[in-house]
Amino acid sequence: MEFKSILLDEKAMKRTLTRIAHEIIEKNKGVENLLLVGIERRGVPIAKRIGKLIEEFENAKVQVGSVDITLYRDDLTEIGEQPVLNKSCLDMGVKDKKVVLVDDVLYTGRTARAAMEAVIKCGRPANIQLAVLVDRGHRELPIRADYVGKNVPTSRKEMISVMVSEIDNEDSVKIFEI
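Below you will find a few notes about this structure. Bear in mind that the values here come from a model prediction, so they are computed numbers and not experimental data.

Section: helix H4 (residues 110-121)
With twelve residues, H4 extends 17 Å between its outermost C-alpha atoms, agreeing within 8% with the 16 Å of an ideal straight helix rising 1.5 Å per residue. Within H4, the full set of buried residues consists of Ala112, Ala114, Ala115, Ala118 and Val119. Projected down its long axis, H4 carries its buried residues within an arc of 160°, all on one side. Turned more than 90 degrees away from the buried face of H4, the exposed residues are Ile120 and Lys121. Those residues of H4 hidden inside the fold are in contact with strand E2 (34-39), strand E3 (63-67), strand E4 (98-106) and strand E5 (127-135). Immediately beyond the C-terminal end of H4, within one or two residues, lies Gly123, with a positive phi of roughly 150°.

Some details on the sheet that holds E3
Pairing in this open sheet of five strands is parallel, and the strands run E3-E2-E4-E5-E6 from one edge to the other. Edge positions in the open sheet fall to E3 and strand E6 (147-151), since each of these has one partner strand only. If you compare each strand with its neighbour and ignore which way they point, the axes differ by 25° on average. Across four bridges, E5 lies against E6 in parallel orientation.

Some points on the sheet that holds strand E1 (residues 2-8)
The antiparallel open sheet is built from three strands, whose spatial order is E1-E8-E7. Only two strands of the sheet have a single partner each, and these edge strands are E1 and strand E7 (158-163). In this sheet, neighbouring strand axes are inclined to one another by 25° on average, regardless of whether the strands run parallel or antiparallel. In the sheet, E1 pairs with strand E8 (residues 172-177) via five bridges, with the strands oriented antiparallel. Note that in E8 the partner of Ile6 across the bridge is Lys174.

Rules used throughout
Residues numbered from 1 in each chain as written. Predicted model: local features only at pLDDT ≥ 70, side-chain atom pairs only at ≥ 80, totals over all residues. Heavy atoms only, no water. Helix = DSSP H or I, 4+ residues; strand = E, 2+ residues; numbered from the N terminus. Expected span 1.5 Å × (residues − 1). Buried < 20%, exposed > 50% of the residue type's maximum accessible area, 1.4 Å probe, protein only. Arc of directions from axis to C-beta. Contact = heavy atoms within 4.5 Å. Pairing = 2+ DSSP bridges. Axes fitted to C-alpha atoms, helices over the stretch in contact; angles between N-to-C directions.

The quantities given are spatial measurements derived from coordinates; they are silent on function.
Dropping the structure here:
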């Protein structure tokens, strides 16, 4: 892999997440019945950060959960015989909630589809929205994000790498040539 450039540094990521938090509040006319659900792995710390920002702006706590999409993937036969199920943290319930799925990168749309399926299995939300830090295009399913931090048209020979301090000890979004 060959490094091409930094798309977002730590300060740019914070500004981007701040904007997304404001957009979520505005579109949902506040935070009543709002639930943020991070898609494992990097979507979880991003959802927690957005939740903290919303709490600062609205002076109201927002529930933040996580979802593991392993069993909902449509490529299970390609990744192994026995998929590993990690606990899905949707213990708070989704019935009649405005669920905002949060992920780092939107690419083909398959991860978002799997996450929607996992959420719906837990109950019937009022609606499901999608927030992503980066939308890189190349959709294979008719899915679009409601909240996008940065649109980055890419080729299939490029890779977007999102790093979050909670997992990677740094905050950045980089693009590489494969």
